[in-house]
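# Fold and geometry: a report
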Amino acid sequence: MMDNFKEDIVARHSTLLPNILYAISWVFVVIFGLYALLLLQMLLMTFDLFTLLMTLVSAAACVLLFFAKDQLKVEYEYTFTNGSLDFAKVMRGARRKELGSMNVQNVSACGHVAHESFQKFLAMKDVARKNWFLNRDGNLFYFYYVKENSKHMIIIEPSEEMVEMIRRYLAAGVYQG
């Protein structure tokens, strides 16, 4: 028997703004880092509480920007294998973070976000929503399921080929269009 396997990698349609922001964040990482070093040097000459506070704030800003800049170059990876769907977030094409995995047979409802059923599930109370997509104008698809008495909704951006593969593994009446 042949395996049903499909992998989709979703990137931003327009990368101009994220690339500009990425470059600007690098500039500010260097500026805050050099400013923190300058303040540290001043602090070593004469101790001042205000200088200590400014040193800590600029060093913290440098570190936070250093780690946050990777969020600007993100891709999502969806892997479908025989009814199992795995989700991952790839930052800068180097760091990979596993987001989760699900068996599509455990899904209560799914379909395209443009379908009216999506609004019904979105309006439900206490639904934990996970947005694992990059392009709001993309082919967005949702999964609604209940796990451990908790309602969940995952919104992704798969290809039509992957949607067709997923539909083959769904129970009757789960696909909402």
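Note that the structure is a prediction, hence the values are computed from the model and not measured.

Our focus in this paragraph is the overall build of the chain. A tally of regular secondary structure across the chain gives 4 helices and 8 strands. When each of the 177 residues of the chain is scored for burial, the buried share is 38%. Across the chain, the fraction of contacts at a sequence separation of at least 24, relative to all contacts at a separation of at least 6, is 60%. Summing over all exposed atoms, the chain offers an accessible surface of approximately 10,800 Å²; the carbon and sulfur share of this is 61%. With 18 positive and 17 negative side-chain charges, the chain shows a spacing of 5 Å between the two charge centroids.

This part is about the side chain of His152. One can find His152 in strand 8 (residues 150-156). A polar side-chain atom of His152 sits 3.4 Å from a polar atom in the side chain of Lys130. Once residues within four sequence positions are removed from consideration, His152 is found in contact with Val127, Ala128, Lys130, Phe143, Tyr144, Tyr145 and Lys147.

This paragraph deals with unusual backbone geometry. Not every positive phi belongs to a glycine, and Asn82 is a case in point at roughly 45 degrees. Take Asn82: it is sitting in the loop between strand 2 (74-81) and strand 3 (84-91). Phi at Asn149 takes a positive value of approximately 60 degrees, unusual for a residue other than glycine. With respect to the helices and strands, the residue Asn149 is situated in the loop between strand 7 (141-147) and strand 8. By relative accessible area, Asn149 is classed as exposed at 80%.

Another point: the sheet that holds strand 5 (residues 109-112). Sheet architecture is open: 4 strands sit in the order 5-7-8-6, paired in mixed fashion. Strands at the two margins of the open sheet, each flanked by one partner only, are strand 5 and strand 6 (127-132). Neighbour-to-neighbour, the strand axes of this sheet turn through a mean angle of 15 degrees, independent of strand direction. The pairing of strand 7 with strand 8 spans 7 bridges and is classified as antiparallel.

By size, the foremost hydrophobic cluster in this structure holds 37 residues, and its most contacted members are Leu85, Phe143 and Ile156. Elements that contribute at least two residues to this core include exactly strand 2, strand 3, strand 5, helix 3 (116-122), strand 6, strand 7, strand 8 and helix 4 (160-169). In contact with Phe143, other than residues within four places in its own chain, are Leu85, Met102, Val104, Val107, Ala109, Cys110, His152, Met153, Ile154, Ile156 and Ile166.

This part covers the pattern of salt bridges. Under the criterion given, the structure shown has 8 salt bridges. With its nearest N and O atoms 3.2 Å apart, the salt bridge here joins Asp8 to Lys6. Lys6 matches Asp8 in its accessibility class, with the two residues each being buried. Ionic pairing is found between Asp70 and Arg92, a salt bridge with its closest N-O pair at 2.9 Å. Within this pair, whereas Asp70 is found in the loop between helix 2 (49-68) and strand 2, its partner Arg92 is found in the loop between strand 3 and strand 4 (95-103), the two being separated by 22 residues in sequence. Members of the salt-bridge network, linked through shared partners, are Lys69, Asp70, Arg92 and Arg95.

The next subject is helix 2. Across its 20 residues, helix 2 extends 28 Å between first and last C-alpha, which sits within 8% of the 28 Å expected from 1.5 Å per residue. Turning to helix 2, its buried residues number three or more, namely Thr51, Thr55, Ser58 and Cys62. Down the axis of helix 2, the smallest arc covering the buried residues is 75 degrees, so these residues share one side. Looking at helix 2, the residues exposed on the side facing more than 90 degrees away from the buried face are Leu49, Phe50, Leu56, Leu64 and Phe67. Considering only its buried residues, helix 2 is in contact with helix 1 (16-45).

Calculation notes
- Residues numbered from 1 in each chain as written.
- Predicted model: local features only at pLDDT ≥ 70, side-chain atom pairs only at ≥ 80, totals over all residues.
- Heavy atoms only, no water.
- Helix = DSSP H or I, 4+ residues; strand = E, 2+ residues; numbered from the N terminus.
- Buried < 20%, exposed > 50% of the residue type's maximum accessible area, 1.4 Å probe, protein only.
- Contact = heavy atoms within 4.5 Å.
- Areas by Shrake-Rupley, 256 points an atom, 1.4 Å probe, with all protein chains shown as cover.
- Lys, Arg positive; Asp, Glu negative; His and termini not counted.
- Charge placed at Lys NZ, Arg CZ, Asp CG, Glu CD.
- Polar contact = N/O pair within 3.5 Å; in protein donor to acceptor, adjacent residues only side chain to side chain.
- Pairing = 2+ DSSP bridges.
- Axes fitted to C-alpha atoms, helices over the stretch in contact; angles between N-to-C directions.
- Core = buried A, V, L, I, M, F, W, Y, C linked by side-chain atoms within 4.5 Å.
- Salt bridge = Lys/Arg side-chain N within 4 Å of Asp/Glu carboxyl O.
- Expected span 1.5 Å × (residues − 1).
- Arc of directions from axis to C-beta.

These figures capture arrangement, not role.
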